[in-house]
Amino acid sequence: MIFLSPDRRSRLTPLLHAYWRFSRGMTLGVRGCVIDEAGRVLLVRHSYTPGWHFPGGGVEVGQTMRAALADELKQEANVELAGEPRLVGLYLNSRASRRDHVALYRIDDWRQPAPFVPTREILEAGFFALEALPEDTTRGTRERIDEMFAGRERSEIW
């Protein structure tokens, strides 16, 4: 659902984070760095928060991180895992909440059975060359890309 302009964060986001803070002791999310044969990375643009991000989302109670990753890739970009994703790292996402953590995976072996079709949640998805990322790619996404591809020292903070 589009709450506000995709260039701004929804006013509901802080309320949802407050709810999650009290309903869950800690939140865990997954993101996938999907790399195509040309070395480009897959990024998505949401309807409810600004910028371009790796596809991903929350891990539900009783769900494995791999299953959550597979679900989010399918939902957000119509990408299916064809091999095992490689865990890059676990990060504290303190900008969202001091209780939020993100597992980032690198995905080299995948398939896309049909092109991505925009949804109410994901407005755009596309592959971008490392030197030609969209201008509004988020800081955290850029930093993870630099860590994986440019030799930047890995941070523990998203």
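As the structure is a prediction and not an experimental result, all values here were calculated from the model. (Residues numbered from 1 in each chain as written. Predicted model: local features only at pLDDT ≥ 70, side-chain atom pairs only at ≥ 80, totals over all residues. Heavy atoms only, no water.)

Chemist: I would appreciate a short explanation of the packing of aromatic side chains in the present structure.
Modeler: How two aromatic rings sit relative to each other is set out by the distance from centre to centre and by the angle between their planes. Scanning all chains against the criterion turns up 3 aromatic pairs. When the ring centre of W158 is taken as origin, the NZ or CZ atom of R144, which lies over that ring, is 5.2 Å away. (Phe/Tyr/Trp six-rings, centres within 6.5 Å; stacked < 30°, edge-to-face > 60°. Lys NZ or Arg CZ within 6 Å of the ring centre and 35° of its normal.)

Chemist: Even after reading the chapter, I still don't get the sheet that holds strand β7 (residues 100-107), so can you show me in this structure?
Modeler: One key point about sheets: their strands pair by backbone hydrogen bonds, in either a parallel or an antiparallel sense. Across the sheet, 4 strands lie side by side as β4-β1-β7-β6; this open sheet has mixed pairing. Every interior strand has two partners, whereas the edge strands, β4 (56-58) and β6 (86-92), have only one. Strand-to-strand twist in this sheet, taken as the mean axis angle between neighbours without regard to direction, amounts to 20°. Relative to β4, strand β1 (residues 27-34) runs antiparallel, the two being bridged by 3 bridges. By the bridge assignment, G29 is partnered in β4 with G58. Running at roughly 60° to β1, helix α2 (residues 65-77) makes contact with β1, β4 and β7 of the sheet. (Pairing = 2+ DSSP bridges. Helix = DSSP H or I, 4+ residues; strand = E, 2+ residues; numbered from the N terminus. Axes fitted to C-alpha atoms, helices over the stretch in contact; angles between N-to-C directions. Contact = heavy atoms within 4.5 Å.)

That is the geometry; function is a separate question.
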